[in-house]
Amino acid sequence: QSQVVESGGGLVQPGGSLRLSCTTYGFTSGYYAIGWFRQAPGKEREGVACISSDGGTINYAAAVKGRFTISRGSPRSTIFLQMNTLGPEDTAVYYCAADSSVYSFECKLNSETGYGPWGQGTQVTVSS
């Protein structure tokens, strides 16, 4: 059985930074992309950032581009989301998910189809 676990959420003041971690377990294949999604209260879940299996393709939502950075650590089963210059609009539950349905050089944010398993989510609250 495979699973993903997120960590690193918390309370931060506007302008501050957080680094989220996503660790994968039990994957029999290394061919999976990782996507970060978030869901604010009363809103639909939206894609934030994703990275392809080979690390060569990275996509960001327009709202976070230039502020957030997704990367694979060592070992590659750990993925990070560095979030800088945070604002109240970034407050949400952040989810990490794996997608093994795409090529090693692909990742997507415009659809959740193919993503799974999902992590349990980690709360990020940006408030003064």
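Residues numbered from 1 in each chain as written. Predicted model: local features only at pLDDT ≥ 70, side-chain atom pairs only at ≥ 80, totals over all residues. Heavy atoms only, no water.

## A closer look at the sheet that holds strand S7 (residues 68-72)
Using the following cut-off: When DSSP finds two or more bridges between two strands, those strands count as paired. To qualify as a helix, a DSSP run of H or I must reach at least 4 residues; to qualify as a strand, a run of E must reach at least 2; elements of each kind are numbered from the N terminus. Working convention: axes come from line fits to C-alpha atoms, limited for helices to the stretch in contact. Angles between N-to-C directions cover 0 to 180 degrees.
Strand order across the open sheet formed by four strands is S1-S3-S8-S7, with antiparallel pairing between neighbours. At either margin of the open sheet sits one strand with a lone partner, and together these are strand S1 (3-7) and S7. Direction aside, the axes of adjacent strands within the sheet are offset by 15° on average. Relative to strand S3 (residues 18-25), S1 runs antiparallel, the two being bridged by five bridges. Paired with Glu6 across the bridge in S3 is Cys22.

## Let's talk about the packing of aromatic side chains
Put simply, the rule is: Two rings from Phe, Tyr or Trp (for Trp, the six-membered ring) form a pair when their centres are within 6.5 Å of each other. A pair whose planes differ by under 30 degrees is stacked, one over 60 is edge-to-face, and the rest are tilted. Both a distance and an angle decide whether a charge sits over a ring: NZ of Lys or CZ of Arg must be within 6 Å of the ring centre and within 35 degrees of the ring normal.
If you walk through the whole model with that rule in mind, you get six aromatic pairs. Here the aromatic rings of Tyr103 and Phe105 are separated by 5.3 Å at their centres, their planes lie at 0°, and the arrangement is stacked. In this structure an aromatic cluster arises from ring pairing among Phe37, Tyr95, Tyr115 and Trp118. Positioned above the aromatic ring of Phe80 is the side chain of Arg19, whose terminal nitrogen or guanidinium carbon lies 4.1 Å from the ring centre.

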